[in-house]
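# Architecture and fold: a report
Listed here are the chains, written in short residue letters.
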Number of protein chains: 2
Amino acid sequence: MHDQSDTKNLSVGAWTKRCYFAGRALMDERLRPFDLGSTQWYVLWYLVNNGPSVQRDLGRALELERATLSGIIATLVRKDLVAQTADGDDQRQRLLTLTATGEALWRRLPDLSFIHDAAFGGISEADLATTIRVLKSATERLQTLLRKD
Amino acid sequence: MHDQSDTKNLSVGAWTKRCYFAGRALMDERLRPFDLGSTQWYVLWYLVNNGPSVQRDLGRALELERATLSGIIATLVRKDLVAQTADGDDQRQRLLTLTATGEALWRRLPDLSFIHDAAFGGISEADLATTIRVLKSATERLQTLLRKD
DNA sequence: ACTCATTCGTTTGCTACCTAACGATAATTG
DNA sequence: CAATTATCGTTAGGTAGCAAACGAATGAGT
């Protein structure tokens, strides 16, 4: 742990990174006893809230690259938390379904929504709105600079 | 790409994640032609600015886990960009030095400081200060919740 | 009906991050 | 001075992210 003076001159970008990693670390810590990664949790969360979903739709909703998602789904299938079947309509697509094991695990998982409250609770709506505006603007500018195909 | 309505209700945490990944993606894109990862660049940046450094000091300064840094240094040594020697005083420690090849590469690398300006340039000092305050506060609260040894 | 373009998911290869454990070395304690 | 604790860096094993390429299936255009 470094003292305050080490972080005094960190940029917005640096704080964005630190904040993201702090939230992720806490999530990973709480999920570790359940042998679940934070993105694995995110996928289960989506299936619990949206029901069986086409893999591509889920990937778009959670903003996960196809290669990334493919690996995560493989892990969840191996853990028998998710079932992956062919979609009848379009043989290119896969349908993802929460298994009974997955549902049982979900019921045992701690509620992680406290993390966001713990991080940002009590901060004024105005300050939160400003932060969102700044991060949103920055994200969009950066994505504009990325050469998208 | 999803339309605006998909991002309307994203939380601060979600925007923090998106912003971080957008910056990282841009950095990785610009560095790819030089066969350099963004954290590898960060290590070179530190050595250029601070001179030869003890590995642990560098790790602390850049907030990298020992295992993470060990792997990154191994990659930079394999690429002959960094030399890793024993520190005379303390045989547990390693001294990291930029090689001539590393210095030559650094001179050829594009200046990436534009990324921060591109992301946050033109935003009022007050808004930036608010964003930093919010992210800093959130980070510290999350780190407090993490069980640190 | 055929050709070409696009989409979907996987695989390969890589970077980055992290926990836990280990061995070697140094610091601390009694 | 010996025993214990702490530190440093590596290794093992895992999660997560991404680019690029591939094959199979579907859609678009003629």
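Residues numbered from 1 in each chain as written. Chains lettered and ligands numbered in written order. Predicted model: local features only at pLDDT ≥ 70, side-chain atom pairs only at ≥ 80, totals over all residues. Heavy atoms only, no water.

### Describing the sheet that holds strand S3 (residues 94-98) of chain A
Residues and elements named next belong to chain A. Heads up, the rule is: Strand pairing requires that DSSP identify at least two bridges connecting the strands. For the purposes of this entry, the term helix denotes a DSSP run of H or I that reaches at least four residues, the term strand denotes a run of E that reaches at least two, and both are numbered from the N terminus.
A sheet is described by the order of its strands in space; here 3 strands give the open sequence S1-S3-S2, paired in antiparallel fashion. Only two strands of the sheet have a single partner each, and these edge strands are strand S1 (53-54) and strand S2 (82-86). By the bridge criterion, 5 bridges tie S2 to S3 in an arrangement that is antiparallel. Paired with glutamine 84 across the bridge in S3 is leucine 96.

### What about the relation of the copies chain B and chain A?
What counts is decided by this rule: Here the copies are matched by least squares. The fit uses the C-alpha atoms of residues with pLDDT of at least 70 in both. We call two residues contacting when some pair of their heavy atoms lies within 4.5 Å.
Here chain B sits on chain A after a turn of 180° about the axis and a move of 0.0 Å along it, with an RMSD of 0.1 Å. Both chain copies can therefore be described as sitting about a two-fold axis. Among all residues of chain B, the one whose C-alpha sits closest to the rotation axis is threonine 131 of chain B, at a distance of 2.4 Å. Most of the interface of chain B is mirrored in chain A, where 100% of its interface residues again form contacts.

### Looking at the packing of aromatic side chains
Note the cut-off: Here a Phe, Tyr or Trp ring, Trp counted by its six-membered ring, pairs with any other such ring whose centre lies within 6.5 Å, and the pair is stacked when the planes are under 30 degrees apart, edge-to-face when over 60, and tilted otherwise. Each residue is assigned to one of three classes by its accessible area relative to the maximum for its type, calculated with a 1.4 Å probe on protein chains only: buried under 20%, partly exposed between the two thresholds, exposed over 50%.
Evaluation of the coordinates by the stated rule reveals 9 aromatic pairs over all chains. For the pair tyrosine 20 of chain A and tyrosine 20 of chain B, a centre-to-centre distance of 5.2 Å together with 20° between the ring planes defines the contact as stacked. Placement of tyrosine 20 of chain A in helix H2 (residues 12-31) and of tyrosine 20 of chain B in helix H2 (residues 12-31) is noted, with the two residues assigned to different chains. Tyrosine 20 of chain A gets classed as buried once you look at its relative accessible area, which sits at 11%. Feature note: the residues Tyr20 and Phe21 of chain A together with Tyr20 and Phe21 of chain B constitute an aromatic cluster, connected by ring pairs.

### Structural notes on the nonpolar core
The condition is simple: Put simply, buried Ala, Val, Leu, Ile, Met, Phe, Trp, Tyr and Cys residues joined by side-chain atoms within 4.5 Å make one nonpolar core.
The biggest cluster of nonpolar side chains holds 74 residues, and the ones touching the most others in it are Leu36, Val43 and Phe120 of chain A together with Leu36, Val43 and Phe120 of chain B. Ignoring any residue separated from it by four or fewer positions in sequence, one finds leucine 36 of chain B in contact with Leu31, Trp41, Leu44, Leu76, Lys79, Leu81, Leu105 and Leu109 of chain B.

### A few points about the interface of chain B and chain A
Put simply, the rule reads: Each of two parts loses accessible area, computed with a 1.4 Å probe, when they are put together; buried area is these two losses added. Within this document, salt bridges are pairs made up of a side-chain nitrogen of Lys or Arg and a carboxyl oxygen of Asp or Glu, the two lying within 4 Å of each other. We call two N or O atoms a polar contact when they sit within 3.5 Å, provided that within protein one can donate a hydrogen and the other can accept it, with sequence-adjacent residues counted only if both atoms are side-chain atoms. Polar here means any residue other than Ala, Val, Leu, Ile, Met, Phe, Trp, Tyr, Cys and Pro, which are nonpolar, and Asp, Glu, Lys and Arg, which are charged; Gly is therefore polar.
Taken together, the 50 residues of chain B in the interface contact 51 residues of chain A. In this assembly, chain B packs against chain A so that about 4,800 Å² is buried in total across both faces, 66% of it on carbon and sulfur atoms. Applying the counting rule to chain B against chain A returns 4 salt bridges. Measuring nitrogen to oxygen at the nearest pair gives 3.4 Å for the salt bridge that ties aspartate 127 of chain A to arginine 133 of chain B. Joining chain B to chain A, the criterion identifies 13 residue pairs in polar contact (both at pLDDT 80 or more). Looking at the side of chain B that touches chain A, the elements that each hand over two or more residues are H2, helix H7 (113-120) and helix H8 (125-145) of chain B. Counting residues per element, the side of chain B that touches chain A draws most heavily on H8 of chain B, which supplies 17 residues. Here the side of chain B that touches chain A is built from residues that sort into 24 nonpolar, 13 polar and 13 charged.

### Concerning the protein's contact with DNA strand D
Condition: Throughout this document, a residue counts as near a molecule or strand when at least one of its heavy atoms sits within 4 Å of that molecule or strand.
Around DNA strand D there are 29 residues in total, and Arg24 and Thr39 of chain A together with Ser70, Gln84 and Arg94 of chain B lie nearest to it. Near the protein, within 4 Å, the atoms of DNA strand D are sugar or phosphate in 74% of cases. Separating a phosphate oxygen of DNA strand D from a side-chain N or O atom of serine 70 of chain B is a distance of 2.6 Å. Counting only elements with at least two residues in the surface near DNA strand D, the list comes to helix H3 (38-50) and helix H5 (66-78) of chain A together with H2, helix H4 (55-61) and helix H5 (66-78) of chain B. The element that contributes the greatest number of residues to the surface near DNA strand D is H5 of chain A, accounting for 5 residues. Its residues placed into classes, the surface near DNA strand D shows 5 nonpolar, 11 polar and 13 charged.

### Some remarks on the protein's contact with DNA strand C
Around DNA strand C sit 30 residues, and of these Ser70, Gln84 and Arg94 of chain A together with Arg24 and Thr39 of chain B come closest. Considering the 4 Å shell around the protein, atoms of DNA strand C inside it are sugar or phosphate in 74% of instances. For DNA strand C, a phosphate oxygen lies 3.2 Å from a polar atom in the backbone of glutamine 91 of chain B. Elements that contribute at least two residues to the surface near DNA strand C include exactly H2, helix H4 (55-61) and H5 of chain A together with helix H3 (38-50) and H5 of chain B. By residue number, the principal contributor to the surface near DNA strand C is H5 of chain B, which donates 5 residues. When grouped by side-chain class, the residues that make up the surface near DNA strand C number 5 nonpolar, 11 polar and 14 charged.

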